[in-house]
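Observations on chain architecture
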Amino acid sequence: MIKYFTVILFLFYNCTFAQEANHAIAANSIKTNFSVKALEAYEENSFSKLEDFYELLEIYSAKNTPNTLKKQLEERINALYKENTLVSDFFTSDKISVDRLLEKVASKELKFEIKNIQKVKTFGNYWTASYILTIQRDTETLQKNISQRIYFYPEAKTFGNKKKEVWSLFLGEME
Amino acid sequence: MTELDFFQLLKQEVLLTYQKQYPYFQGNWKSFSSQDIQNLIELVEEKTRQGISEKWIYTHLKAETNSKLPRKDMLDILSQFSGFSGWDEFVFKNREVAVEQKENHSQKNKRHFVVIGFLAVIMVAILFFAYSGKKQTQKLQLKNEFTNDTIQAKEVKAYTIEDDKKIEIPIRNSEIEVALKDENAKVVIQSPYYKKQEIKVNKTSEKTEILLQPDDYAMMLKAFMKSDIKDWETRKIQLNKILSDNLEVIVMLKNDLGAEYFNKNEFSEKLVIPTESVKRMQILEIKNNDEGKIEFIRIKQ
């Protein structure tokens, strides 16, 4: 009898916990918080983060970029990305960390260009964007179709002695 | 009109009658030749059955002015030649015409006076309404107090304050035009890059420009946003100095449909290495804390 009661209590607890988790997910879902028009504005803004990323990557890749500036660029690029994100190695398509990607492009004198950036689909806390990436090194040119996640979720941000919850955009995994 | 005036008229009538017979004659008594005189003598004789001498014509008709009136019988002959029964009828008819002309002339004059008077009244009315209806305005140019350069419209906003309401004044070619409704037109100039200024403009004011004092930190920020990678380390140090630790930056998205927030560290990183997206940003509002450091920035993406 006690055994049955314990099992029922355990199932009830699990259901309640699962419901709370679902409520939390729904509360932070993009579609439940933003109108279509507002979402379009955020999507457009997120595309400029992709452009920023490749612009910064090109400076990082330049031969004459000093190490002090590289360090600054690493901070700046990492700030664009959600923590622990894996991106594509442009040359092997392996999944690597952003830091590893930076190592690989350093001093390679690569030129990056992206075009046709489009939102593909919106999910719970991210959407996917597709674009064509052109990488040029000397006379060689590599073109890749890339699909990348862009995360959009609320976070507690600190402004000195103030703290407030704001919705932030971060670049995510390349697929 | 005197009798001598009527005689001058008769002389004109004689010429006109002569021209009917000799249309190629287009002159006047002065150019009336001896041949014309002969022709006239013949015509007068033919038409009136009475004679007129060449000498008489020279004395009375060819003369430009006549000091005395010729004899009545000669006047009758010339009047008959011109289609009248005699001198009396000629005078009578022409007096009527003269009176009529005089009346017409005076009526015409009266009409002219009425029309001119009417137009004058309309002109005065137009001027009066134009003057009283149109607000007197004053143009004021916006300039940087230190450099004396004119200030671009996108960097500044101008308002008039009426009944505690702010009414935006358009800025064209760095100039505002202020309507002087009364003697206390209050103009407020606001800009993220210049210190707020309130001025009073009145009808007697001879001000033609408003000098705005630039906010040094805001100007530095504007320059940083447009800069290239060069001097990034100096920029980093300066940003740390001018930005408050409590800085809150709001980047307004397209059509104000959303906003992105950045703290001091995030915003400084953006400005240390400004990308094209940063260069496109436009500062809308800046607030400083008591120490003068920037603690709030509103930006348009």
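All values derive from a computational prediction rather than experimental measurement. (Residues numbered from 1 in each chain as written. Chains lettered and ligands numbered in written order. Predicted model: local features only at pLDDT ≥ 70, side-chain atom pairs only at ≥ 80, totals over all residues. Heavy atoms only, no water.)

**Remarks on the overall build of chain B**
Helix and strand content of chain B: 9 helices and 11 strands. Sorting the 301 residues of chain B into buried and exposed places 40% on the buried side. Within chain B, contacts between residues at least 6 apart in sequence are counted, and of these 54% link residues at least 24 apart. (Helix = DSSP H or I, 4+ residues; strand = E, 2+ residues; numbered from the N terminus. Buried < 20%, exposed > 50% of the residue type's maximum accessible area, 1.4 Å probe, protein only. Contact = heavy atoms within 4.5 Å.)

**What to know about the nonpolar core**
It is characteristic of soluble globular proteins that their nonpolar side chains tend to be buried jointly. Counting 85 residues, the largest nonpolar core has Tyr54(A), Ile176(B), Leu221(B) and Ile297(B) as the members making the most contacts within it. If one sorts the elements of this core by residue count, helix α3 (residues 36-61) of chain A sits on top with 11 residues. With near-sequence residues (within four places) excluded, Tyr54(A) lies in contact with Phe90(A), Phe112(A), Ile114(A), Tyr131(A), Leu133(A), Ile146(A), Gln148(A) and Met174(A). Grouped together as the second largest cluster of nonpolar side chains are 28 residues, Val14(B), Leu43(B), Val44(B) and Phe84(B) included. (Core = buried A, V, L, I, M, F, W, Y, C linked by side-chain atoms within 4.5 Å.)

**Focus on the environment of Tyr131(A)**
Residues and elements named next belong to chain A. Note on placement: Tyr131 falls in strand β4 (residues 126-137). In this structure Tyr131 comes out as buried when scored by relative accessible area, which is 2%. Sequence separation of Tyr131 and Phe47 is 84 residues, and the distance between their C-alpha atoms is 9.8 Å. Setting aside chain neighbours within four positions, we find Tyr131 in contact with Leu50, Tyr54, Ile114, Lys115, Asn116, Ile117, Lys144, Asn145, Ile146, Gln148 and Met174.

**Some details on the pattern of salt bridges**
Taken as a whole and judged by the stated rule, the model has 23 salt bridges over all chains. The network of salt bridges with common partners includes Glu155(A), Lys157(A) and Glu266(B). (Salt bridge = Lys/Arg side-chain N within 4 Å of Asp/Glu carboxyl O.)

**Describing helix α6 (residues 216-226) of chain B**
Within the sequence span of α6(B), burial applies to Ala218(B), Met219(B), Leu221(B), Phe224(B) and Met225(B). One side-chain oxygen of the residue at the start of α6(B) lies 3.1 Å from the amide nitrogen of Tyr217(B), identifying that residue as Asp215(B). (Polar contact = N/O pair within 3.5 Å; in protein donor to acceptor, adjacent residues only side chain to side chain.)

**Focus on the side chain of Ser48(A)**
With respect to the helices, strands and loops of the structure, Ser48(A) is situated in helix α3. Beyond its immediate sequence surroundings of up to four residues, Ser48(A) is in contact with Ser277(B), Arg280(B) and Gln301(B).

**Considering the sheet that holds strand β7 (residues 209-212) of chain B**
All names here are of chain B. The sheet built from 3 strands is open, its strands ordered β4-β1-β7 with mixed pairing. Strands with a single pairing partner mark the edges of an open sheet, and in this sheet they are β4 (175-180) and β7. On average, each strand axis in the sheet is inclined to that of its neighbour by 30 degrees, with strand direction left out of account. Where strand β1 (residues 136-144) and β4 come together, 6 bridges link them in antiparallel fashion. (Pairing = 2+ DSSP bridges. Axes fitted to C-alpha atoms, helices over the stretch in contact; angles between N-to-C directions.)

**Section: the environment of Ala218(B)**
Residues and elements named next belong to chain B. Topologically, Ala218 is positioned in helix α6. A relative accessible area of 0% places Ala218 in the buried class. For Ala218 and Tyr193, which are 25 residues apart along the polypeptide, the C-alpha to C-alpha distance reads 5.1 Å. Leaving out residues up to four positions away in the same chain, Ala218 has contacts with Pro192, Tyr193, Ile286 and Ile294.

**Notes on the confidence of the model for chain B**
Averaged over every residue, the pLDDT of chain B is 86; residues scoring 70 or more account for 94%. Predicted complex, confidence summary: ipTM 0.85, pTM 0.65. (pLDDT = per-residue confidence, 0-100.)

**Some remarks on the interface of chain B and chain A**
Every contact between the two is made by 29 residues of chain B and, on the other side, 29 residues of chain A. In total, chain B and chain A occlude about 2,500 Å² of area from one another, counting both sides; carbon and sulfur atoms represent 50% of this. Seen at the junction of chain B and chain A, the total is 5 salt bridges. Scanning the region where chain B abuts chain A turns up 18 residue pairs in polar contact (both at pLDDT 80 or more). Sorting the residues of the side of chain B that touches chain A by element identifies α7 (232-242), β8 (243-252), β9 (259-262), α8 (264-272) and α9 (276-279) of chain B as the ones contributing at least two each. Class assignment for the residues of the side of chain B that touches chain A results in 12 nonpolar, 6 polar and 11 charged. (Buried area = accessible area lost by both parts, 1.4 Å probe. Nonpolar A, V, L, I, M, F, W, Y, C, P; charged D, E, K, R; others polar.)

**Thoughts on the pairing of β1(B)**
Here 4 bridges tie β1(B) to β7(B), and the two strands are oriented parallel to one another. Across the sheet, the residue bridging to Gln141(B) is Glu209(B), located in β7(B).

**Some thoughts on the packing of α3(A) against helix α5 (residues 98-105) of chain A**
Residue and element names in this part refer to chain A. Their axes nearest at 9 Å, the elements α3 and α5 cross at an angle of 45 degrees. Relative to α5, α3 is oriented oblique. Crossing of α3 over α5 shows right-handed handedness. Here Phe53, Leu57, Tyr60 and Ser61 of α3 lie close against α5, whose contacting residues are Leu101, Leu102 and Val105. Its residues assigned to classes, the contact of α3 with α5 comprises 6 nonpolar, 1 polar and no charged. (Parallel < 35°, antiparallel > 145°, perpendicular 65-115°, else oblique. Left-handed = near helix turned anticlockwise from the far one by under 90°.)

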